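Here's the letter readout for the chains.
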Amino acid sequence: MLRRRTALSVTAAAALLAATPLLTACGTDAHPGAAAVVDGKRITVAQLQSRVKDVRTAQATSPQGKQLIANTGRLSLATLNSMIFDRVLDRAAADAGVQVTRADVQKARAAAEERAGGAARLKTMWLQQSIAPDEIDTVVRNQLLLDGLSKHLHADRARPDGQQKLVQALSKTSRDMRVDVNPRFGKWDDQEVILGQTKEPWIVPATAHPQQA
């Protein structure tokens with residue numbers, strides 16, 4: 001669920017700079033330069049900025065670039081939400097003994113590409129969800145980790161009660177990891193395992209994938 005990015009044209013580059021959220025280097029007083037601290041480890045503003053730029057670069061070179069950029073105005077918040085969630089999910093899966101190999105990811109990605117109608121189509125679909133091409137493997141891995149964690153918990157992700165059981169497990173891990181977010185990006189909600197008002201579709205039925213446009 002990798003096309004190498006081509007060089008931006010002057011016009012595309014200008015659009016990228018205009019659309020990329022302005023991120024300053026200041027963090028909290030306790031963690032200067034940090035967008036968030038998860039389990040004592042920083043996610044720096046520079047790391048967040050780099051991820052945001054990767055998405056904007058890919059969007060700017062897409063035929064639907066203007067629409068993609070317009071539809072992802074809160075990209076920095078959504079991206080930070082994903083970066084925090086990745087760490088929480090990794091810990092929860094590891095604690096449950098869930099492992100995903102590189103071969104597992106490659107197999108699942110190949111299946112996703114086939115369902116989507118090809119690798120290029122899959123990239124476009126995920127770009128609509130603010131996922132840069134270089135991050136697709138991470139998304140695929142996360143879905144496999146969620147599948148494995150759900151199986152460990154005997155939670156059916158296609159059912160509300162199964163999703164709730166999964167949320168509860170991730171919420172406990174989130175609390176244990178003491179997520180501290182720079183106030184300028186909002187506040188992390190341990191109960192819902194989400195940053196502020198962002199709406200990342202991480203809990204979806206195991207067979208689901210982004211709808212084709």
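Everything that follows concerns the structure shown earlier in this document.
Report follows, based on the coordinates. Everything numeric here is computed off the predicted structure, so don't read it as measured data.

What counts and what doesn't
Residues numbered from 1 in each chain as written. Predicted model: local features only at pLDDT ≥ 70, side-chain atom pairs only at ≥ 80, totals over all residues. Heavy atoms only, no water. 1 Å grid on protein atoms, 1.4 Å probe; cavity = no way out; pocket = protein on both sides within 12 Å on 5 of 7 lines; lining within 4 Å. Points joined across faces, edges and corners; volume = space filled by probe spheres on them. Helix = DSSP H or I, 4+ residues; strand = E, 2+ residues; numbered from the N terminus. Nonpolar A, V, L, I, M, F, W, Y, C, P; charged D, E, K, R; others polar. Pairing = 2+ DSSP bridges. Contact = heavy atoms within 4.5 Å. Axes fitted to C-alpha atoms, helices over the stretch in contact; angles between N-to-C directions.

Reported here for the largest cavity is a volume of approximately 100 Å³. In this structure, the largest cavity is lined by 11 residues; those nearest its centre are Arg51, Val55, Thr79, Ser130 and Ile131. The set of elements that each furnish at least two residues to the lining of the largest cavity consists of α2 (45-60) and α4 (75-95). By residue number, the principal contributor to the lining of the largest cavity is α4, which donates 3 residues. Broken down by class, the residue content of the lining of the largest cavity amounts to 4 nonpolar, 4 polar and 3 charged.

Now for the pairing of strand β2 (residues 41-44). Here 4 bridges tie strand β1 (residues 34-38) to β2, and the two strands are oriented antiparallel to one another. Note on β2: the bridge partner recorded for Ala36 is Ile43. In sequence, β1 turns back onto β2 through a hairpin of 2 residues, with Asp39 there showing a positive phi of about 55°.

Across the sheet, 3 strands lie side by side as β2-β1-β3; this open sheet has antiparallel pairing. What marks the edges here is a single partner per strand, and that holds for β2 and β3 (180-181). Across the sheet, α4 is in contact with β1, β2 and β3; its angle to β2 comes to roughly 155°.

This is a description of form; function is not addressed.
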